[in-house]
Every structure is written in structure tokens, then in C-alpha cells.
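Next come the chains, spelled out residue by residue.
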Amino acid sequence: MDLNQKRTRTVDRVDSVDPDLVSPESTPMCPFPDEVLEPVLSLINSHKDRSSVSLVCKDWYNAERWSRRHVFIGNCYSVSPEIVVGRFPKIRSVTLKGKPRFSDFNLVPEDWGADVYPWLSVLAKAYPFLEELRLKRMAVSDESLEFLAMNFPEFKALSLLSCDGFSTDGLKAIATHCRNLAELDIQENGIDDLGGDWLSCFPETLTTLQVLNFASLNSEVSFSDLEKLVTRCKSLRVLKVNRTINLDQLQKLLLRAPQLTELGTGTFTQDLVTRPVADLEATFGSCKNLLTISGLWDTNSLYLPVIYPACASLTFLNLSCAALRSFELAMLLIHCKSLRRLWVLDTVGDMGLEAVGSWCPLLEELRVFPADPFEQENVAGVTESGFVAVSRGCPKLHYVLYFCHQMTNAAVATVVQNCPGFTHFRLCIMNLGQPDYVTNEPMDEAFGAVVRTCPNLQRLAVSGLLTDLTFEYIGKYAKNLEILSVAFAGSSDLGLKYVLGGCPRLRKLEIRDCPFGNAALLSGLTKYESMRSLWMSACNLTMNGCRVLAKEMPRLNVEVMKDEDSEDSQAHKVYIYRTVAGPRRDAPPFVLTL
Amino acid sequence: MSTSLKQHNHHHYNTHSPQPKMDPIPKTHNQDLNLKATELRLGLPGSESPERTTIGCVKNPNLVSGAKRGFSDTINFVKNGAFLGENKNNISGKDTAVSSSPKVPVAASKAQVVGWPPIRSFRKNSMAAKNTKNEDDPNAEIGSCVYVKVSMDGAPYLRKVDLKIYSSYQDLSLALEKMFSSFTLGQYGTHGSSENPLMNLLNGSEYVLTYEDKDGDLMLVGDVPWDMFTGTCKRMRIMKSSDAIGLAPRVADKCKSGN
């Protein structure tokens with residue numbers, strides 16, 4: 001079955017609960033009794049597999065919907081909460097994603113939507129025993145968090161990533177009322193940090209906590225309450241504290257919780273040495289189960305070595321808050337032979353990356369963040385030679401996020417030759433429109449090499465000076481590409497046409513500041529229903545072009561965000577997504593659904 | 001809630017984000033920018049409406065019309081003239097690259113663009129906060145901190161202390177003794193009361209605590225009122241008494257010859 005067609009039928013499935021549409025010949029095709037089918041299906045966790053299962057026949061569709069415990073909704077506007085609860089009666093865990101990804105970079109105005117409250121009120125009635133809620137880029141208010149805390153007595157796990165609209169008051173409600181809380185994971189949100197007393201709201205009877213991550217909050221918490229909490233929660237395996245926790249306090253926490261598998265430290269230096277460094281080192285040595293270390297703010301050559309005893313078994317090291325220099329990283333990595341994932345700042349330089357290549361042969365993922373993203377002159381950072389050095393030493397590398405100021409086509413070609421298994425290739429050359437700095441040619445051949453050499457490529461982000469040729473390569477070779485991010489690239493409509501005409505597996509396409517116009521947009525008419533969403537901002541789209549699309553494809557929401565400055569006929573920001581819920585009713589005034 | 005959150009976010013951005021360095025965009029070129037002019041905003045993260053703020057850019061609503069045509073102009077512009085949008089087939093931009101005036105496009109491409117580089121606000125803020133600490137000024141004042149370097153003769157590395165967290169000379173000397181005890185205990189073991197090895201050392205005249213004031217003079221710690229000291233001290237040095245001739249009264253007494 002052609003993949004596009006399959007995806008469309010999945011949309012159909014959610015729309016009409018009438019199972020007769022599934023198989024026209026509704027004779028009992030399925031010989032398995034439900035008692036056999038349901039337990040078997042309950043072992044399937046991947047939501048993509050479950051979607052496939054539900055398409056087999058009426059019996060399988062029913063068995064699947066009754067056995068599903070976790071529902072993943074990649075775009076909260078693609079379906080309504082009523083439809084979800086109507087189809088799946090026994091959900092225990094919900095994952096919801098809201099705003100388009102470019103909202104992380106201030107491209108989506110506030111009050112755009114993705115409010116979780118309408119979902120919560122429906123979920124409360126249908127799933128009173130809901131246990132887990134994971135939200136990404138949703139608008140979450142304190143009222144929503146209070147509602148959550150009060151209406152779901154079995155609630156166990158809350159994860160908020162890149163959400164906004166709430167304050168620490170909302171966390172107070174969660175801490176106070178969720179008697180069985182096992183997970184509180186607060187990451188990188190737009191949170192109004194009013195103070196750290198939320199932590200003291202955990203009742204003394206709460207002993208079930210397994211995951212506590214408040215690394216991104218700024219306010220100081222009561223250390224004695226934290227210490228008591230850590231002491232009584234014997235199953236705690238993930239603890240990520242914030243910057244206000246000092247080394248002394250961290251030591252105490254580690255002594256209480258040697259069973260931790262993931263640790264996020266606080267400030268990792270101190271002015272007053274109250275305890276010898278050797279003590280700290282011994283404490284880290286006693287944490288035999290550590291797989292992940294993060295935090296490490298302000299660390300330096302004196303204190304970083306205390307983690308060496310814990311490094312041999314580490315699989316993930318997140319140094320993106322620690323501005324290490326190359327030799328500091330090198331000294332550390334000597335001890336990290338099991339490392340699979342590494343996040344660093346570009347302060348480590350190419351020499352630091354050479355150390356990565358030398359000491360981490362099992363490395364699968366590397367992310368290099370810029371310490372000074374807005375500094376444009378006299379920046380050090382990493383270059384193409386660091387990239388090549390890593391690829392030489394780490395043949396298993398398949399995920400890279402690399403911020404740099406200069407790159408060459410030849411270097412990228414070498415990298416993918418060394419590591420043909422790339423699944424995620426995100427290269428950000430920070431200077432806009434930067435060509436290959438050696439040959440002065442566009443970076444087309446770099447990305448051409450990537451898509452030709454890496455058959456498993458799922459996610460690609462391009463940058464630098466790029467012509468339509470890049471997109472011709474992508475359309476032609478990137479058969480497994482699912483997510484593509486494009487900024488300040490391309491020469492004409494052809495670029496987008498190539499991508500929309502190729503890339504059969506494309507799900508998410510986000511484009512900004514490219515010369516793609518209506519003709520290109522409309523060339524993908526039939527493709528958009530097989531995709532989750534398309535974002536185009538600061539391109540050449542007009543309202544008329546968007547209206548044509550909206551008219552031809554009624555099952556898409558074509559939303560245009562009006563900008564005060566742009567002319568009425570321009571479609572400044574366009575967000576297009578498939579949906580069975582119709583146009584959204586909570587759109588703010590600046591969002592027009594065509 | 002949303003208004004207070006807005007303000008909070010902006011406060012966050014405004015206090016921590018580093019000022020971008022950029023050349024002002026010359027007015028003449030704005031007319032060529034068309035749509036791009038309204039996009040290449042020099043909006044600092046967290047400015048009131050990040051997509052609207054322009055610094056050094058003339059905002060001209062008339063430039064928006066004819067945006068379609070304007071865009072390929074601006075693509076030329078953004079790409080430093082290295083590749084001409086109309087000329088799709090001519091991929092080797094080498095010959096055409098240098099002809100158009102490089103300076104102006106370079107200036108604009110250095111302008112800060114909204115949402116570029118694609119770094120999450122969270123990461124921008126946490127790194128910016130770190131950057132303010134590493135200023136060139138060795139005694140960076142962040143808020144109400146006054147960090148000064150403290151060196152000790154013979155110690156392999158220096159320390160830094162925040163004078164503002166101490167309220168008296170005694171507090172300071174206690175703190176310093178804790179900090180540097182590891183360097184002195186090795187030589188002298190525990191003699192006298194073990195809680196004050198440094199004070200003992202100072203009392204024993206092996207070491208003297210000195211500081212460099214605003215005028216660059218080497219002074220003995222303790223002569224002036226504490227508040228005056230914190231205001232004028234630029235760095236401290238724990239000197240061997242044998243080097244401190246002329247400073248410490250006790251030492252001066254011992255070495256009458258002085259200089």
C-alpha cells in the first residue's frame with residue numbers, strides 16, 4: 001500500500017468510529033478470539049505499530065482501541081479531545097505536543113494557543129485514573145495544574161518541556177495534592193519562578209518519587225526539605241537540581257541517594273572549601289549506578305575531576321552548561337569510555353573534539369552548542385576540523401547537532417563517509433548565507449553528500465549558502481527523511497517543489513526566510529495530508545495562494561498569522577496541518593484560518 | 001498571569017543577553033531590502049515585540065509592497081552577493097561573487113535576526129548569565145558582589161573571594177584560613193589551635209595579609225575601616241613576612257634595618 005494512502009486512511013480512522021468502514025467485507029476474517037488478541041496487542045507499545053494494527057480489520061481495530069494505554073498526540077489541534085476519548089476508553093498516559101517548533105525561537109506570538117485546559121477537562125471525565133501527562137510546547141496555566149492535581153487521584157507522572165504560562169504556584173498544587181507522584185520533570189519552560197517553596201509542599205508521607213528534575217528553575221529551595229525528600233524516596237533514580245544547590249549540599253544528597261542513575265548537579269565550584277575535594281570524589285565513586293550527569297555549572301579544573309570515579313559507566317554526559325576548555329574536556333573524556341551521548345559547548349574547540357574522537361569510540365550522539373551565539377566577530381568555537389575529527393574516531397555516530405561559524409563541503413563529505421549511519425543531521429552554520437569558506441561555493445554538495453551517503457536519514461537541518469540544488473538532492477535521495485528544517489536557503493520555487501515531489505516519508509517541514517512562493521506551496525497539495533505539519537514564515541506566500549490551498553484541501557487547517565507590518569495580501573507566517581477536528585475555535589485574533 | 005509572565009521573560013532576557021556587535025545598516029541599502037528589511041530586525045531577545053524592534057534600521061512600511069520581487073533582491077543581499085537569485089543555473093558563483101560591493105551585505109548579514117541562530121531561550125539565558133561573569137574586569141561586580149583575587153606565596157593557584165559576603169576583618173581572615181589551610185598545614189602541621197592555622201601563621205609572623213588598593217599600592221590589611229577596605233581593595237596577597245619589610249609593624253620591629 002502506498003505510504004501516502006496509508007496515512008490518509010489513518011486520518012479517516014480517527015474521524016469515523018464506525019468500524020464498518022474499515023473492511024468492506026465484514027465477514028469474520030479474524031480467527032483469533034479476543035482473549036488471545038488483546039493480551040498480545042497490549043505488548044505493542046509503539047503508536048505507529050498500533051496504528052497499523054488498527055487498520056487490519058474491524059476486530060483488530062476494536063481490540064487495539066481497548067488495549068491501548070498510552071496515546072501520543074503530536075499536534076494537539078489535529079484531533080479533538082472528544083474524539084480521542086471516544087475511541088480509546090482505557091488510557092492511562094497522554095503525550096501532547098502543541099505549538100510549532102519555531103515557537104522555541106520566538107517566531108510564534110504569545111497567546112497563539114495550545115492551551116491544555118480544554119484537554120484536561122475532557123480527560124478528567126473520561127480517564128479519572130489517568131497516571132501520566134507529558135506536554136511539549138503547550139500553554140499551561142496554574143489553574144490547569146491545580147485542576148490536574150485535584151481531579152486525577154492516581155496521577156503519577158508530569159513532564160513539562162518547553163511549555164509556558166505557569167508559575168511555581170502551579171507546581172505547589174502538584175506537590176501538595178498528588179499523593180502518588182512518581183515523576184516531576186520540569187524542563188526549559190517559560191515559567192514564572194516566584195520562589196522555591198513549592199518543593200516544601202511535598203507531604204512527608206510522599207515516598208514514591210522516582211524522578212525529580214527542577215534544574216531549569218532559578219529560585220532557591222529549602223535544602224533541608226529537599227534532603228528529607230530525597231532520603232525518604234528510596235526509589236529515586238533521577239535527580240536534577242538547580243544552580244542554587246552548592247557542592248556541599250550535593251554531597252549530602254548523593255550520600256542519601258547512591259542509587260541514582262541520572263544526576264543533574266548544581267553549581268560545581270565553591271569559593272570556601274569546607275570539605276576536601278577527595279571527599280567529593282569518594283562520594284561520586286560510591287554512586288555505582290550513574291548513567292547520566294548534567295548541570296556542572298561553573299565547573300573548573302579543580303572540581304570537575306571529582307566526577308572521574310563515576311565516569312566509566314556513564315552513557316550520557318551533558319556539559320552544555322559548563323564552559324569547558326579543550327584540555328579540561330580531554331582530561332575528563334579519558335575516563336568516559338562507555339559514553340554514547342555527549343553535549344558540549346563550543347568552548348572546547350576543535351582540540352576538545354579531537355579528544356572526543358580519541359576517547360569515545362562508542363559515541364552515538366554529539367551536540368555542540370555555541371557559548372556565544374550572538375557574537376559574530378572574533379569568535380572561536382568549533383570548525384569543520386573538529387567535526388571531521390569526531391567522525392574519524394566515532395564510527396557509530398548517528399545523531400549530530402553542530403553549531404559553527406564555518407564549514408566546507410569537503411569536510412561534510414568526509415564526515416558522512418566516516419559515519420554513514422546518520423539518522424539525525426543538524427548542521428547550523430551561524431553566519432547567514434555562508435558559503436564553503438575555502439572554495440566560496442554554496443554548501444549544496446555538503447548536504448548532497450549527506451543525503452546520498454546516509455540512507456537512514458530521518459531528520460535534516462540545513463544552513464549556509466544553499467541553492468535549489470540542495471533541495472534537488474534532498475528530494476531525490478532522502479527517501480526516509482521525516483523532518484526537514486530550512487532557513488535562508490534556496491533560490492526559487494523549484495527548491496520546495498523538489499522536496500515536496502520527493503521525500504515520501506516527510507512528516508514535518510519547517511521553513512523560514514526562503515524564496516518559495518505559491519506555486520511551490522500548491523505543488524504539494526496532495527502531500528500535506530500525509531504530513532503532520534508545514535510551517536512557512538517570511539517566504540513568498542500570499543493570502544490568495546493560501547486560500548486556494550485551503551479550498552482544495554478541506555481536511556487541512558491553513559492558518560495565517562497576521563503581522564502588523566506586512567501587507568494584507570502577504571501571508572507572513574503560515575502553519576498548515578492535517579486535522580479531523582476542523583478549524584480551531586480558540587484561535588486568537590491574529591490567526592486566520594482560511 | 002500572561003502579562004506578568006511576559007514581563008518576567010523580558011526581564012530575564014534584558015538583564016542577561018549580551019549586546020550584539022553590529023555595524024549600523026546604511027539607509028540607502030534599506031530601500032533595496034524591501035521585505036527583507038522588515039525581517040532582518042535587530043531585535044534583541046526579549047524586546048517588547050521581538051519581531052518589530054529595529055535598531056539602526058529604518059522601518060519603512062512602503063518597502064513591503066512588491067515583496068515578491070523584493071525577495072530575490074534580498075536573497076542577493078543576504079548572500080553577500082555571492083549568488084544571484086535569478087541566475088539559477090550559474091551555480092559556481094565564484095566569478096560573480098566579488099563584483100558586488102562586499103562591505104554592505106556583510107554588514108547586514110551580521111545583523112541579528114529574530115530567532116537566529118536557532119537557540120532556545122532557556123539556553124541563551126543560562127549561557128548569557130555565565131558570560132557576564134567572565135568580563136575582562138578582574139573584579140567584576142555582578143549585582144552586589146565584589147570578587148578579588150587572593151594569592152598566597154608558594155601556593156600553586158589563586159583563589160577569588162567575594163568581599164561583600166563578609167562583614168568584618170575577622171570573617172575574612174577565617175574564610176581565608178579555611179581556603180588556604182591546605183597549603184600551610186603541610187608545612188607546619190597543627191600547631192597552636194588547629195582552628196586558626198592561618199591566624200597562627202599570621203600571629204607567628206610567618207605570613208602577612210596584604211592588599212593592593214585602587215592606587216596600586218601594597219597595603220597591610222586591617223588599617224582602615226572594613227567598609228573602606230572593601231571599596232578600595234583590588235586584590236589580596238598573603239605574603240611571607242620576610243618579603244613584607246616596611247609593612248607589618250611586627251616585622252618592621254624585627255628587621256630594624258628596613259629600607
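So, here is what we can say about the structure in this document. Nothing here was measured: the structure is a model prediction, and the numbers come from that model.

Cut-offs used in this document
Residues numbered from 1 in each chain as written. Chains lettered and ligands numbered in written order. Predicted model: local features only at pLDDT ≥ 70, side-chain atom pairs only at ≥ 80, totals over all residues. Heavy atoms only, no water. Helix = DSSP H or I, 4+ residues; strand = E, 2+ residues; numbered from the N terminus. Buried < 20%, exposed > 50% of the residue type's maximum accessible area, 1.4 Å probe, protein only. Contact = heavy atoms within 4.5 Å. Areas by Shrake-Rupley, 256 points an atom, 1.4 Å probe, with all protein chains shown as cover. Rg over C-alpha atoms; globule rule 2.2 N^0.38 Å. Lys, Arg positive; Asp, Glu negative; His and termini not counted. Charge placed at Lys NZ, Arg CZ, Asp CG, Glu CD. Polar contact = N/O pair within 3.5 Å; in protein donor to acceptor, adjacent residues only side chain to side chain. Phe/Tyr/Trp six-rings, centres within 6.5 Å; stacked < 30°, edge-to-face > 60°. Lys NZ or Arg CZ within 6 Å of the ring centre and 35° of its normal. Core = buried A, V, L, I, M, F, W, Y, C linked by side-chain atoms within 4.5 Å. Pairing = 2+ DSSP bridges. Axes fitted to C-alpha atoms, helices over the stretch in contact; angles between N-to-C directions. Salt bridge = Lys/Arg side-chain N within 4 Å of Asp/Glu carboxyl O. Arc of directions from axis to C-beta. Parallel < 35°, antiparallel > 145°, perpendicular 65-115°, else oblique. Left-handed = near helix turned anticlockwise from the far one by under 90°. Nonpolar A, V, L, I, M, F, W, Y, C, P; charged D, E, K, R; others polar. Right-handed = clockwise from strand over helix to strand, strands pointing away.

Concerning the overall build of chain B
Check the secondary structure of chain B and you find 11 helices and 5 strands. Residues classed as buried in chain B amount to 44% of the 259 residues present. Contacts in chain B between residues far apart in sequence, at least 24 positions, make up 57% of those at least 6 positions apart. For chain B, the accessible area works out to roughly 13,300 Å², and carbon and sulfur atoms hold 51% of it.

Quick notes on the overall build of chain A
Counting its regular elements, chain A contains 20 helices and 23 strands. A globule of 594 residues ought to have a C-alpha radius of gyration of about 25 Å, and chain A, at 25 Å, matches this closely. Seen through its C-alpha atoms, chain A measures out along the principal axes to roughly 70 × 65 × 55 Å. Taking all contacts inside chain A whose residues are at least 6 apart in sequence as the whole, residues at least 24 apart take part in 70%. For chain A, the exposed area adds up to about 21,500 Å²; of that, 53% sits on carbon and sulfur atoms. Averaging the coordinates of the 60 positive side-chain charges in chain A and doing the same for the 70 negative ones gives two points 7 Å apart.

Focus on the side chain of A:Thr467
Residues and elements named next belong to chain A. By secondary structure assignment, the location of Thr467 is in the loop between strand S17 (459-461) and helix H17 (468-477). Accessibility expressed as a relative area gives 2% for Thr467, which makes it buried. There is a polar contact of 2.5 Å between the side chain of Thr467 and the side chain of Asp444.

Topic: the packing of aromatic side chains
Tallying each qualifying case throughout the model produces 24 aromatic pairs over all chains. Relative to B:Trp226, the ring of B:Tyr169 has its centre 5.1 Å away and its plane inclined at 85°; by these criteria the two rings are edge-to-face. Of the two residues, B:Tyr169 is situated in helix H8 (residues 169-188) and B:Trp226 in helix H10 (residues 226-232); the sequence distance between them amounts to 57 residues. Note on B:Tyr169: relative accessible area 22%, which makes it partly exposed. Over the aromatic face of A:Phe316 sits the side chain of A:Arg341, whose NZ or CZ is 3.9 Å from the ring centroid. Sitting over the face of the ring of A:Tyr477, A:Arg452 holds its NZ or CZ atom 5.7 Å from the ring centroid.

What about the nonpolar core?
A:Leu226, A:Phe284, A:Phe425, A:Leu460 and A:Ile474 are the most contacted members of the largest nonpolar core, which has 181 residues in total. Contacts of A:Phe425, omitting those with residues within four sequence positions, involve A:Phe387, A:Val400, A:Val412, A:Val416, A:Phe447, A:Val450, A:Leu457, A:Arg459, A:Leu460 and A:Ala461. If you look at the next biggest cluster of nonpolar residues, it comprises 22 residues, including B:Val146, B:Val148, B:Val150 and B:Met179.

Observations regarding unusual backbone geometry
Going from B:Trp116 to B:Pro117, the amide bond is cis rather than trans, its omega being -5°. Mapped onto the elements, B:Pro117 comes out in the loop between helix H6 (103-109) and helix H7 (121-131). Even without being glycine, A:Asn106 reaches a positive phi, approximately 65°. With relative accessibility at 18%, the residue A:Asn106 sits in the buried group.

A closer look at the sheet that holds strand S4 (residues 218-220) of chain B
All names here are of chain B. Here we have 5 strands laid out as an open sheet, ordered S2-S1-S5-S3-S4, and mixed in their pairing. Every interior strand has two partners, whereas the edge strands, strand S2 (159-162) and S4, have only one. Strand after strand, the sheet turns through a mean of 30° between neighbouring axes, direction not considered. In this sheet, S2 lies alongside strand S1 (residues 147-152) in antiparallel orientation, the contact comprising 4 bridges. What sits directly across from Val150, in S2, is Arg159.

Focus on the pattern of salt bridges
Residue and element names in this part refer to chain A. Tallied over the full model, the rule gives 30 salt bridges over all chains. Taking the shortest distance from any N to any O, the salt bridge between Lys228 and Asp225 comes out at 3.8 Å. Residue Lys228 and its partner Asp225 are both found in helix H9 (residues 223-232); the two are separated by 3 residues, about one turn of the helix. If you follow the salt bridges from partner to partner, you end up with Arg50, Glu64, Arg68 and Arg87 in one network.

So, helix H20 (residues 543-552) of chain A
All names here are of chain A. Within H20 the residues assigned to the buried category are Met543, Gly545, Cys546, Leu549 and Ala550. Along H20, the residues classed as buried sweep out an arc of 160° about the axis, all on the same side. Opposite the buried face of H20, at more than 90 degrees from it, the exposed residues are Asn544 and Lys551. The inward-facing, buried residues of H20 contact helix H19 (518-523), strand S21 (556-561), strand S22 (573-578) and strand S23 (591-593).

Things to note about the packing of helix H6 (residues 117-126) of chain A against helix H7 (residues 142-151) of chain A
In a pair of packed helices, the angle between the axes and the distance between the axes together describe the arrangement. Residue and element names in this part refer to chain A. For the pair H6 and H7, interaxial distance at closest approach is 10 Å and the crossing angle is 15°. In terms of axis orientation, H6 runs roughly parallel to H7. By crossing handedness, the relation of H6 to H7 is classed as left-handed. Touching Tyr117, Leu120, Ser121 and Ala124 of H6 are Glu143, Ser144, Phe147, Leu148 and Asn151, all from H7. Across the contact of H6 with H7, the residue classes break down as 5 nonpolar, 3 polar and 1 charged.

Section: the pairing of strand S3 (residues 132-136) of chain A
Residue and element names in this part refer to chain A. Side-chain alternation along S3 places Leu133 and Leu135 on a buried face and Glu132, Arg134 and Lys136 on a face that remains uncovered. Of the strand pairs in this sheet, strand S2 (residues 93-97) and S3 are connected by 5 bridges, and their pairing is parallel. Residue pairing across strands places Ser93 opposite Glu132, the latter belonging to S3. For the crossover from S2 across H6 to S3, the handedness is right-handed. Pairing geometry for S3 and strand S4 (residues 157-161), over 5 bridges, is parallel. Its bridge partner lying in S4, Arg134 is registered against Ser159.

Remarks on the side chain of A:His424
Residues and elements named next belong to chain A. Locating His424 in the fold gives a position in strand S16 (residues 424-429). Classification of His424 as buried rests on a relative accessible area of 18%. Reaching out from His424, the side chain makes a polar contact with the side chain of Thr423 at a distance of 2.7 Å. Discounting residues that sit within four places of it in the chain, His424 has contacts with His398, Tyr399, Val400, Leu457, Gln458 and Arg459.

Let's talk about the packing of H7(A) against helix H8 (residues 168-177) of chain A
Residue and element names in this part refer to chain A. Contact pair H7 / H8: the axes reach a minimum separation of 8 Å and the direction vectors enclose 5°. Taken together, the axes of H7 and H8 lie roughly parallel to each other. Facing H7, whose interface residues are Asp142, Leu145, Glu146, Leu148, Ala149 and Met150, H8 presents Asp169, Gly170, Leu171, Ala173, Ile174 and His177.

The analysis is restricted to geometry; functional conclusions fall outside its scope.
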